Amino acid sequence: MLTARFTAPAVPKTLVHRPELLARLTAGVQGPLTLINGPAGSGKTVLTAHWAAAGARAPRPPVWLTVEPDDAPGVFWAYVLEALHRGGVELPATVGGPTRAEGVTQSFLVRLAAALADAVQPVVLVLDQFDTAQPPAMTEGLDFVLRHAAGGLRIVLTSRTDSLLPLHRYRAAGEIAEIRHADLRFTHADAEALLGEHRLDLSQDGVRLLMQRTEGWAAGVRLCALAMQRSPDPEAFVRQFAADRTTIADYLLKEVLDAQPPDTQDLLLRVSITDRVHPDLADALTGRDDAARTLAGLARDNAFLEQVDASAWYRLHPLFAEVLRAHLRQRHPGLEQQLHGRAARWLAATGRLTEAVVQAAEAGDWPFAAEQLVDGLAIGRLFTGLEAEQLNRAFAPLPADAPGVAPALVGAAARLVAEDLPGYEDAVRHADSRLSAGSGGAARLSRAFLGVLAGRTTGDAAATERAAADAERLLGELPARRVAAHPEIRALLLGALGVVRLGAGRLDAAEHVLRAAVEACDAGPPADRSTMPETDGTTVRAADPATQHPLSDALGSLALVELVQGRFREAADHARASLAVAERSALPPERRSGAAHLALAGVAVEHGDLPAARSHMQQATAAAGSRPEPVAALHAAVIGTRIAAHEGDGRAALAVLARLRPAATAAPASAWAVDELAVAESAAHLACGDAAAALRALDAVPRGRPEHALARARALLAAGRTGPAARELAALPAEDRLAPPAQQAARHLRAAIAAAQHGPGTAGPGPAGAALQAGAGTEELLRPQELRRPEELRQPDGLRRPPTRSGPPDRRLLREGPRPSPGRGRPVRHHRPGRAADGAPPVVEALSVRETEVLRHAARMLSTDEIAAELYVSANTVKTHLKSIYRKLGVTRRSDAVHRAEDLGLL
């Protein structure tokens, strides 16, 4: 008798305490059978030894026996009897013992079961390493004794494989407790605790990477910790260690691979070249037909191979796969590349495009890899979809001189994905040199597709329109079923074309094509898809994974179009829908569209909600990255300038323009884009009080747009030149031909000019008023904005505030009148903090624009809730503004604040 077999292994000093598993073990031994099952090194024996050493876990201390794989049945039962004896279990002499090594008699098993049933206290017997290698007679005898001991025997089994005991019967009777591999895996907290025991201080990212590579395998984590103790840089070790060069390799080769028969070893080495393996694929790699049986057996035996989600597929533990691949290269040099090629063709034949591409790339078969994307109309998968990153990684080593048209096109696409425009242009010229009239329709479609997507970066509207026309024609020539299988192609084409048209100022055309892009993402019967409500009568359905990004992008770009058109409610709804798609599909931050946040920032400015506007601008900036597209940079510049100008910070507005103008004009900018920037710059100068600079900014670009004329009128009015300002407005098209924001701005400016000519709050006759009347056709337009009824001011989307496209100076002009240019007329008197003429307390600080708005509404005798509704803010926000107004004006009541402001000329 080997004494060591009766002793539980010593608990390691660097022990990870796992109270939940210990509690499950304690609960399990209240029944007849507890099974702890997991692969080598998963911590089965350590857990059980820790539980046994903890004491008071059962009515009496557990009895320990380590089972050897070559034990004959008679030898096994002799060891069981000795273990019971050493554990203090007194059995009657009549039980007897085995008389031969080959087996025991049934009468012996009956006597043993009867003796255990009569025991005063139940016996807990731990059988460590009890695997299927044991003879069936041994497990049958153990089952007999366990079932007939009447609760007097309770067994704890640890094994790598499922025991030959009839586990299904115990499960059906509720008489088994199981702790499996998934339970034994280390958690993040367990790994941290083990590293702490080894005095290793690893970052959270380092721990996560360690868990990712080891998948919580206890021995793997422990062996890595030991190696890190010897490493000068533990963080670098986790990032860079090669499993085949550590003690992990020795452990896995000896404990797992060498334990298998030669044919199984060969299969494991060959299937290690794939991330997952199907029995038919394994047969293709081995040239045999026994993979189904072998793989099922390996998974059942916990040989570091597991079934994937109850499917026919299997996967190796990543560390084991890494060790096997290194062993394959050592045993069979040159075979790995051939196996990758075989796997690529099997996967392509079964429709698994991404895996086929990855295997072909590993084989260095670039023509075959690229043809899967080009000929399969799947080149869009490089730009969108759950596997886009994986595909781009696969093609990263693609040599520039790889033969064939398909590799050249894929190389150009990869450069475009990487936002490497010079590299793309070189690659696409190389692809053009290989394309010919005889090239297939799929290759020519891929080339047109790239031309459209590149337009988002190049800004070449004419070339983009030509490429889009070619792509549409080629899509019509290809089989409809093939095209329908890849909805991302049309969605990406239309989305890019819409962005290019938006950048050119073709708003109606951009809206039309972006709505078509949203529809293109809706592939599949409605009954199979969850829906999301839209505000324009349409429904956005949950897209195919490959169209999630195009859908989010198209909705965000559509929101920007509607923002520019002044349809703020629709813009906000589509922007929120864009963000909902991104959130629902778990798109990573770098794949999310910043257009939605830009649109929401613009809408927030129109509502006067500057904190929200700034928040959305920050998120849009983060989404754009270091190289924003020109259209995104343009709108970021315009909206960012509005935010700063609305706050009265002209210098900040100019700084925003200076920062974003280079990106907005990196490609040849359209006349519309140049004018948008000029209008934004004029607003920034007006916020600085420099009307002359505002006029210079506008005069530096061609005129022609109503928005330009309105900005010029605003600058002229700020300079005190009411006559030229009135003439600018008179030259505008008829009001019904203007967009809603331009209509509102024109009305506001006419009111401001009338107030400037006849005094604040009036609109009496005068030369400028007559000119305005001649331009407007009715004296009604001369009434100041503040005197018009709310229903007259309400825009189609419900906004009652004047547009803020050029900042807040109009409201200041209505309040104070125009500021003459230097040297012109009499300077306007401005009220500054100081003692009032009536002896009232001084104004300690100037009122903000929003505080002035709140005070103006208070003067109209509106309640707090009514003011909140007018300004689209909460009642608490209004109360906060009122408290600030009281403090600044030195009063304590609303009526006093109104009177004080009137005395100071602020109203």
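See the structure above.
These numbers were taken from a predicted model, which means no experiment stands behind them. (Residues numbered from 1 in each chain as written. Predicted model: local features only at pLDDT ≥ 70, side-chain atom pairs only at ≥ 80, totals over all residues. Heavy atoms only, no water.)

Undergrad: Outline the environment of alanine 406, supporting the account with residue identities and numerical values.
TA: Assignment of secondary structure puts alanine 406 in helix H21 (residues 405–417). For alanine 406, a relative accessible area of 9% translates into the label buried. The spatial distance from the C-alpha of alanine 406 to the C-alpha of glutamate 371 is 5.6 Å, given a sequence separation of 35 residues. Not counting chain neighbours up to four residues away, the residues in contact with alanine 406 comprise Ala370, Glu371 and Val374. (Helix = DSSP H or I, 4+ residues; strand = E, 2+ residues; numbered from the N terminus. Buried < 20%, exposed > 50% of the residue type's maximum accessible area, 1.4 Å probe, protein only. Contact = heavy atoms within 4.5 Å.)

Undergrad: Break down the packing of helix H14 (residues 279–286) against helix H17 (residues 335–349) for me, with residues and values.
TA: Where H14 contacts H17, the two axes come as close as 10 Å, and the packing angle between them is 140°. One element, H14, and the other, H17, form an angle in the oblique class. Note on packing geometry: the crossing formed by H14 with H17 is right-handed. Contacts from Asp280, Leu281, Ala284 and Leu285 of H14 reach H17 at Leu339, Arg342, Ala343, Trp346 and Leu347. In the contact of H14 with H17, the residues fall into seven nonpolar, no polar and two charged. (Axes fitted to C-alpha atoms, helices over the stretch in contact; angles between N-to-C directions. Parallel < 35°, antiparallel > 145°, perpendicular 65-115°, else oblique. Left-handed = near helix turned anticlockwise from the far one by under 90°. Nonpolar A, V, L, I, M, F, W, Y, C, P; charged D, E, K, R; others polar.)

Undergrad: Residue-level account of unusual backbone geometry, with values.
TA: One non-glycine residue with positive phi stands out, namely arginine 199, at about 60°. With respect to the helices, strands and loops of the structure, arginine 199 is situated in the loop between helix H8 (188–197) and helix H9 (204–214). When its relative accessible area of 79% is taken as the criterion, arginine 199 is described as exposed. Non-glycine residue glutamate 215 carries a positive phi angle of around 55°. Looking at where glutamate 215 falls in the secondary structure, it is placed in the loop between H9 and helix H10 (218–230).

Undergrad: Break down the nonpolar core for me, citing the residues and quoting the values.
TA: Counting residues in hydrophobic clusters, the biggest one holds 110 residues, and the most contacted among them are Leu373, Leu382, Phe383, Phe395, Val410, Phe449 and Leu450. Judged by nonpolar contacts, the second largest core, of 61 residues, contains Ala225, Leu267, Leu319 and Leu328. (Core = buried A, V, L, I, M, F, W, Y, C linked by side-chain atoms within 4.5 Å.)

Undergrad: Help me get a handle on helix H28 (residues 548–564), residues and values and all.
TA: Three or four residues apart is the spacing at which side chains of an α-helix point the same way, because the helix has 3.6 residues per turn. For H28, spanning 17 residues, the distance from its first C-alpha to its last is 25 Å, which sits close to the expected 24 Å at 1.5 Å a residue. Here H28 lies mainly inside the structure; 17 of its 17 residues are buried. (Expected span 1.5 Å × (residues − 1).)

Undergrad: Please give an account of the pattern of salt bridges that cites residues and values.
TA: Tallying each qualifying case throughout the model produces 53 salt bridges. Of the charged contacts in the structure, one is a salt bridge between aspartate 699 and arginine 712, with a shortest N-O distance of 2.5 Å. Of this pair, aspartate 699 sits in helix H35 (residues 691–699) while arginine 712 sits in helix H36 (residues 706–718), and the two are 13 residues apart along the sequence. Several salt bridges converge on common partners, so that one network encompasses Glu511, Arg515, Glu562, Arg567 and Glu570. (Salt bridge = Lys/Arg side-chain N within 4 Å of Asp/Glu carboxyl O.)

Undergrad: Help me get a handle on the environment of leucine 904, residues and values and all.
TA: Looking at the element boundaries, leucine 904 is found in the segment after helix H45 (894–903). Each C-alpha atom of the pair leucine 904 and leucine 889 lies 9.7 Å from the other, and the pair is 15 residues apart in sequence.

Undergrad: Give a detailed account of the packing of aromatic side chains, specifying residues and quantitative values.
TA: Under the definition given, this model contains 11 aromatic pairs. Pairing phenylalanine 383 with phenylalanine 449 gives two aromatic rings, centres 5.7 Å apart and planes at 75°, and the pair type is edge-to-face. Placement of phenylalanine 383 in the loop between helix H19 (366–374) and helix H20 (388–395) and of phenylalanine 449 in helix H23 (residues 441–458) is noted, with a sequence separation of 66 residues between them. Both residues of the pair, phenylalanine 383 and phenylalanine 449, count as buried. Aromatic rings pair up to connect Phe76, Trp77, Phe108 and Phe130 into one cluster. The ring centre of phenylalanine 241 lies 3.9 Å from the NZ or CZ of arginine 213, which sits over that ring. (Phe/Tyr/Trp six-rings, centres within 6.5 Å; stacked < 30°, edge-to-face > 60°. Lys NZ or Arg CZ within 6 Å of the ring centre and 35° of its normal.)

Undergrad: Residues and numbers for the packing of H23 against helix H24 (residues 461–477), please.
TA: Where H23 contacts H24, the axes come no closer than 8 Å and their chain directions differ by 150°. In this structure, the crossing between H23 and H24 has a hand that is left-handed. Seen from H23, the contacting residues are Gly441, Arg444, Leu445, Ala448, Gly451, Val452 and Gly455; seen from H24, they are Thr464, Ala467, Ala468, Asp470, Ala471, Arg473, Leu474 and Leu475. Classifying every residue of the contact of H23 with H24 gives eight nonpolar, four polar and three charged.

Undergrad: Tell me about the pairing of strand E2 (residues 63–66), residues and numbers included.
TA: Burial of the side chains of E2 extends over both faces: Val63 and Leu65 are buried on one face and Trp64 and Thr66 on the other. Where E2 meets strand E3 (residues 123–128), four bridges bridge the pair, whose relative direction is parallel. Looking at E3, one finds that leucine 65 is bridged to leucine 127. (Pairing = 2+ DSSP bridges.)

On their own, these measurements won't tell you what the molecule is for.
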